[in-house]
Amino acid sequence: MAIPYPHFIGSEKSAMETGILVPSSPSSATLSPVILTQDELKRIAAYKAVEYVKSGMVLGLGTGSTAKHAVDRIGELLRQGKLHSIVGIPTSKKTHDQAVSLGIPLSDLDAHPVVDLAIDGADEVDPFLNLVKGRGGSLLREKMVESSCRKFVVIVDESKLVKHLGGSGLAMPVEIVPFCWKFTAQRLQNLFEDSGCVAQLRTSVENGEPFVTDNRNYIVDLYFKKDIGDLKAASDEILRLAGVVEHGMFLDMATTVIVAGELGVTVKNKLK
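Residues numbered from 1 in each chain as written. Predicted model: local features only at pLDDT ≥ 70, side-chain atom pairs only at ≥ 80, totals over all residues. Heavy atoms only, no water.

**Q** Just checking my understanding: could you explain the sheet that holds strand 10 (residues 198–201) for this structure?
**A** In a beta sheet, neighbouring strands pair by backbone hydrogen bonds and run either parallel or antiparallel. Strand order in this open sheet of four strands is 10-11-9-12, and the pairing throughout is antiparallel. Looking at which strands have only one partner, the edges of the open sheet turn out to be strand 10 and strand 12 (244–247). Geometrically, the sheet is characterised by an average inter-axis angle of 30 degrees between neighbouring strands, direction not taken into account. Sheet topology note: the strand 9 (residues 172–176)/strand 11 (residues 218–223) ladder contains five bridges and is antiparallel. Bridging from a neighbouring strand, glutamate 175 pairs with isoleucine 219 of strand 11. Its contacts with the sheet place helix 6 (residues 231–239) against strand 9 and strand 12, and it is angled at close to 155 degrees to strand 12. (Pairing = 2+ DSSP bridges. Helix = DSSP H or I, 4+ residues; strand = E, 2+ residues; numbered from the N terminus. Axes fitted to C-alpha atoms, helices over the stretch in contact; angles between N-to-C directions. Contact = heavy atoms within 4.5 Å.)

Listed below in structure tokens is the structure:
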């Protein structure tokens, strides 16, 4: 059963230990329980992540339904004067437009090659804080920004936790060049034949045409029936294929993962 989310207090646990943040007062436990929607859980995790933001930071601004809440919150704090001198580096055109609408000053990696903090969602998180990202189609720019940051905070609801990457049965995206995409998709599928891999070109819901990324590339979604094993080896094999631009496995990148669930907020930190 879910419990309401009053104000929370608590401290982060180190070395990937779980830290459940508990109600701040005994009386809050007497409140009637409520069932939180997935979007409400995402917003709770996003607001917790924004607590890491300090004035003067260069921020990587993530893409997707969860990251949107974080960007909204940053814009709100800027309007309130609680944050100032922030520079945002968006990971997609959509986030760029959102940030502009909120009055968040923007720049890019050419001007700021080191990012203080990035906040973004994830499609899957394994027990070692490895991620699958890119089901929203922005994996290349996300990886460029988030591999350049000092601290990468990932925000998810508990449905995104998996025992191993690919374990949700949902897509692991690979961005590829459009040229001879069928050839590249077949080679990707052949790479993971032992894992029961099926490779599918992502298409637009509106017209059935190939989905095109902000970088004018296509995405092939890989679906696995079994564990793909050594993730770093799998990463290397994918990237060695001519025609592949980038994949959606974000390995050993997240420094903190914030998980919102029915019983509270869990903060997991990367092993030092």
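**Q** In this structure, what is going on with the nonpolar core? I would like to understand it.
**A** The nonpolar side chains of soluble globular proteins are, as a tendency, buried together. In this structure, Val53, Ile119 and Ile258 are the most contacted members of the largest nonpolar core, which totals 28 residues. Only helix 1 (38–50), strand 3 (58–61), helix 2 (65–79), helix 3 (93–102), strand 5 (115–120), strand 8 (149–157), strand 14 (256–261) and strand 15 (264–269) provide two or more residues apiece to this core. In contact with isoleucine 258, other than residues within four places in its own chain, are Ala45, Lys48, Ala49, Tyr52, Val153, Val154, Ile155, Val156, Val265, Thr266 and Val267. Grouped together as the second largest cluster of nonpolar side chains are 24 residues, Ala185, Cys197, Leu222 and Ile238 included. (Core = buried A, V, L, I, M, F, W, Y, C linked by side-chain atoms within 4.5 Å. Buried < 20%, exposed > 50% of the residue type's maximum accessible area, 1.4 Å probe, protein only.)

**Q** What's the story with the packing of aromatic side chains in this structure? I'm lost.
**A** Two aromatic rings, taken as a pair, are described by how far apart their centres are and by the angle between their planes. Per the stated rule, a full pass over the model turns up one aromatic pair. Ring geometry for phenylalanine 192 against phenylalanine 224: centres 5.5 Å apart, planes inclined by 85 degrees, an arrangement best described as edge-to-face. On the criterion of sequence distance, the pair formed by phenylalanine 192 in the loop between helix 5 (181–191) and strand 10 and phenylalanine 224 in the loop between strand 11 and helix 6 is long-range, its members being 32 residues apart. In this structure phenylalanine 224 comes out as buried when scored by relative accessible area, which is 8%. Here lysine 143 stacks its cationic end above the ring of phenylalanine 250, 4.8 Å away from the centre of that ring. (Phe/Tyr/Trp six-rings, centres within 6.5 Å; stacked < 30°, edge-to-face > 60°. Lys NZ or Arg CZ within 6 Å of the ring centre and 35° of its normal.)

**Q** I tried to follow the packing of helix 2 against helix 3 on my own but got confused; where do I start?
**A** A pair of packed helices is captured by two measures, namely the crossing angle of their axes and the spacing between those axes. As a packed pair, helix 2 and helix 3 sit with axes 9 Å apart at the nearest point and diverge in direction by 20 degrees. As the angle between them shows, helix 2 and helix 3 are arranged roughly parallel. Crossing handedness for the pair helix 2 and helix 3: right-handed. The segment helix 2 lies against helix 3, with Lys68, Val71, Asp72, Gly75 and Arg79 engaging Thr95, Gln98, Ala99 and Leu102. (Parallel < 35°, antiparallel > 145°, perpendicular 65-115°, else oblique. Left-handed = near helix turned anticlockwise from the far one by under 90°.)

**Q** Honestly, the side chain of serine 138 in this entry has me stumped. Any pointers?
**A** Summarising the element assignment, serine 138 is placed in the loop between strand 7 (131–132) and helix 4 (139–146). Note on serine 138: relative accessible area 10%, which makes it buried. Once you skip the residues sitting within four places of it in the chain, serine 138 turns out to touch Thr63, Thr91 and Ser92.

**Q** Quick question: what am I supposed to make of the pairing of strand 11 here?
**A** Consecutive residues of a regular strand have side chains that alternate between opposite faces of the sheet. Within strand 11, five of the six residues are buried, leaving the element largely enclosed by the surrounding structure. Bridging between strand 10 and strand 11 involves four bridges; their strand directions are antiparallel. When the sheet's bridge partners are listed, alanine 199 is paired in strand 11 with leucine 222.

**Q** Please explain the side chain of threonine 63 as it appears in this structure.
**A** For threonine 63, the position within the fold is in the loop between strand 3 and helix 2. Reaching out from threonine 63, the side chain makes a polar contact with the side chain of serine 92 at a distance of 2.7 Å. Discounting residues that sit within four places of it in the chain, threonine 63 has contacts with Thr91, Ser92, Thr95, Asp120, Ser138 and Glu142. (Polar contact = N/O pair within 3.5 Å; in protein donor to acceptor, adjacent residues only side chain to side chain.)

**Q** Would you take a moment to explain the pairing of strand 5 for this structure?
**A** Within strand 5, five of the six residues are buried, which leaves the element mostly enclosed by the surrounding structure. Bridge analysis of strand 5 against strand 8 gives five bridges, and the strand direction is parallel. Opposite leucine 117, over in strand 8, you have lysine 151 as the bridge partner.

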